[in-house]
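Structural overview for review
Listed here are the chains, written in short residue letters.
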Amino acid sequence: MACEKGVSYRTALNWFHAGTFPVPARQLPTGTIHVDPPKTLDGRTVAYCRVSSADQKDDLTRQVGRVAEECGTRGISLDVTVTEVCSGLNGTRSKLRKILADPGITRIVVEHRDRLTRFGVEHLEAALSATGRELVVLHADEVEDDLVRDMEVLTSMCARLYGRRSARKGAERGVACATAPEGGG
């Protein structure tokens, strides 16, 4: 089975003994390592659509339509579509956390990787796979160049940093004005 997945037997054995094997497995008394078959996807399918700010709500509506249309084309039946307005760098997105925590949701569909999260999608995908769940990225090849993806993340992080700095400076100016002696102008 390891060779089928492109992993050497030795690597698979090392993973098993280190406790980092990505799927459920157990060792038989004969020494053979038995990989448990993956769970079948008989749960719900959820489409997750996200935009970064409230002024992009029209984009969110169009994204929902594109995801529904593409799922119909691919024969994927959606049980529910969840929308969220929040930064892709924000780790406290309540709706996404509920989707990830619900074992009854066995398939999550997103239009692009960055709609789920700005980085670390591969880790989420592996964690979902290990529990018999899957992530379907409808347009996975949208941005193939790693440098372009890295620049998108850098741009998002800079926007958050400078946004915070601007807010902090504005608050400091407000405090300075409020605490300044009257007529000291």
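Our structure's up above, just so we're on the same page.
A brief report on the enclosed structure follows.

**Looking at the side chain of Gln 63**
- Tracing the backbone shows Gln 63 in helix α2 (residues 57-74).
- Residues contacting Gln 63, with those up to four places away along its chain left out, are Tyr 48, Cys 49, Arg 50, Val 51, Glu 111 and Arg 115.

**Structural notes on the environment of Gly 91**
- Within the secondary structure, Gly 91 is located in the loop between β4 (80-85) and α3 (94-101).
- A residue is classified by how much of its surface remains accessible, and Gly 91, at 61% relative accessible area, is exposed.

**Quick notes on the sheet that holds strand β6 (residues 134-137)**
- Strand order in the open sheet formed by four strands is β4-β3-β5-β6, with parallel pairing between adjacent strands. Single-partner strands in this sheet number two, and they are β4 and β6. When strand polarity is set aside, the average angle formed by the axes of neighbouring strands in this sheet is 25°.

**A short note on the pairing of strand β3 (residues 44-51)**
- The element β3 is extensively covered by neighbouring structure, given that seven of its eight residues are classed as buried.
- Where β3 lies against strand β5 (residues 105-110), four bridges are found, and the strand directions are parallel. When the sheet's bridge partners are listed, Arg 44 is paired in β5 with Ile 105.
- Across six bridges, β3 lies against β4 in parallel orientation. By the bridge assignment for β4, Arg 50 is matched with Glu 84.

Conventions adopted
- Every chain's residues receive numbers from 1 upward, in the order its sequence appears when written.
- A pLDDT threshold of at least 70 governs which residues receive local features in this predicted model, and a stricter bar of 80 or more applies before side-chain atom pairs are shown or counted, although totals over entire chains, interfaces and linings include all residues.
- For side-chain calculations, the full set of non-hydrogen atoms in the structure is used, while hydrogens and water are omitted.
- The way it works is that DSSP assigns letters per residue, a run of H or I at least four long becomes a helix, a run of E at least two long becomes a strand, and they are numbered from the N terminus.
- Contacts are assigned to residue pairs that have any heavy atoms within 4.5 Å of one another.
- Burial classes follow relative accessibility: with a 1.4 Å probe on protein chains only, a residue under 20% of its type's maximum area counts as buried, one over 50% as exposed, and anything between as partly exposed.
- Strand pairing is assigned whenever DSSP identifies at least 2 bridges connecting the two strands.
- Axis definition: a line fitted to C-alpha atoms, over the contacting stretch in the case of helices. Angles run 0 to 180 degrees between N-to-C directions.

Such coordinate-based values are descriptive only and should not be taken to indicate function.
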